[in-house]
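Listed here are the chains, written in short residue letters.
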Amino acid sequence: MSLSLRKGFVFSALILLSIYSSAKKHVVSGSMPFLKISLFKDGGGKDDSVYVPARKIGKICSCQVLELQSTNHHHRNFAVLAEKTNGRSVFSDIVKVNRILEKEKKHIQFLFYDKLSVVNSVTEATDCRSLYSKLKFKNRSLMLYDILDADVRR
């Protein structure tokens, strides 16, 4: 009796593993961003399925385009970017990225420039290199100041 019980557990584990691996292929390939889970068996007439996010993979990037002015220089379109890997809460990740940007702006103003103003601000769920290239395509005079890593503990 115990031998057949073990076979049943192994068989069910193999089935679950194959379902997981096929769902993972769809998620990684990008053809199916969400898994559709039905709450009840077929029948009943109404759609009782729920779309559940498959994974939280990726990065959040926030960018601020600055205008900098000192006694000797006047610079426009300087981009400061900060990037963070998605964690548990997207809202807390965005808050942390924006806090890192604010600290860096304070350092820039304290050490180098008299006036600092934000021209534009953008936050997207992408990596900073692609966000910068997208912004650079729209504005050819955009200069990169730095890409800050918000995953590093400060």
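Bear in mind the structure is a predicted one, so any value in this text is a computation, not a measurement. (Residues numbered from 1 in each chain as written. Predicted model: local features only at pLDDT ≥ 70, side-chain atom pairs only at ≥ 80, totals over all residues. Heavy atoms only, no water.)

Enquirer: I'd like a rundown of the overall build of the protein chain, residues and numbers included.
Expert: A count of helices and strands for the protein chain gives three helices and six strands. Relative to its 154 residues, the protein chain shows a buried fraction of 24%. Across the protein chain, every contact between residues at least 6 apart in sequence was considered, and the portion connecting residues at least 24 apart equals 62%. About 11,500 Å² of surface is accessible on the protein chain, with carbon and sulfur atoms providing 60% of the total. (Helix = DSSP H or I, 4+ residues; strand = E, 2+ residues; numbered from the N terminus. Buried < 20%, exposed > 50% of the residue type's maximum accessible area, 1.4 Å probe, protein only. Contact = heavy atoms within 4.5 Å. Areas by Shrake-Rupley, 256 points an atom, 1.4 Å probe, with all protein chains shown as cover.)

Enquirer: Please set out the sheet that holds strand 5 (residues 115-124) residue by residue, giving values where relevant.
Expert: Taken in spatial order, the four strands of this open sheet run 5-3-4-6, and their pairing is mixed. The sheet is open, and its two edges are formed by strand 5 and strand 6 (143-149), each paired on a single side. Neighbour-to-neighbour, the strand axes of the sheet open up by a mean angle of 20 degrees, direction not taken into account. The pairing of strand 3 (residues 59-69) with strand 5 spans nine bridges and is antiparallel. Across the sheet, the residue bridging to Val65 is Asn120, located in strand 5. Relative to strand 4 (residues 74-85), helix 3 (residues 128-138) is tilted by about 150 degrees, and along the sheet it contacts strand 3, strand 4, strand 5 and strand 6. (Pairing = 2+ DSSP bridges. Axes fitted to C-alpha atoms, helices over the stretch in contact; angles between N-to-C directions.)

Enquirer: Give a description of helix 3 that names residues and reports values.
Expert: Listing the buried residues of helix 3 in full gives Cys128, Leu131, Tyr132 and Leu135. Buried residues in helix 3, looked at end-on, bunch into an arc of 100 degrees, giving them a common side. Away from its buried face, by an angle of more than 90 degrees, helix 3 presents the exposed residues Arg129 and Phe137. Contacts from the buried residues of helix 3 go to strand 3, strand 4, strand 5 and strand 6. (Arc of directions from axis to C-beta.)

Enquirer: How would you explain the state of the cysteines if you had to name every residue and give the values?
Expert: As enumerated under the stated definition, the model contains one disulfide in all. Counting only cysteine sulfurs, Cys61 is the nearest neighbor of Cys63, a cysteine outside any disulfide, at a range of 6.5 Å. (Disulfide = S-S within 2.5 Å.)

Enquirer: Got a sec to walk through the confidence of the model for the protein chain? Specific residues and values, please.
Expert: Summarising the model, the protein chain shows a mean pLDDT of 77, and 71% of its residues fall at 70 or more. Confidence, expressed as mean pLDDT per element, reaches its minimum in the protein chain at strand 1 (residues 34-38) with 40 and its maximum at helix 3 with 94. (pLDDT = per-residue confidence, 0-100.)

Enquirer: I'd like to hear about the nonpolar core, residue by residue, with values.
Expert: The tendency in soluble globular proteins is for nonpolar side chains to be buried side by side. Leu66, Leu68, Val80, Ala82, Ile108 and Leu148 are the most contacted members of the largest nonpolar core, which has 13 residues in total. Listing elements by their share of this core, those giving two or more residues are strand 3, strand 4 and helix 2 (90-111). Here the element with the most residues in this core is helix 2; it accounts for four residues. If we ignore the near neighbours within four places in the chain, the residues touching Ala82 are Ile60, Cys61, Ser62, Val97, Ile100, Leu101, Cys128 and Leu148. Counting residues in hydrophobic clusters, the runner-up holds eleven residues, among them Leu81, Val122, Cys128 and Leu131. (Core = buried A, V, L, I, M, F, W, Y, C linked by side-chain atoms within 4.5 Å.)

Enquirer: So what's going on with the environment of Ala79? Residues and values would help.
Expert: One can find Ala79 in strand 4. Sequence-wise, Ala79 and Gln64 are 15 residues apart; in three dimensions their C-alpha atoms are separated by 5.7 Å. Residues contacting Ala79, with those up to four places away along its chain left out, are Cys63, Gln64, Val65, Tyr132, Leu142, Met143, Leu144, Tyr145 and Asp146.

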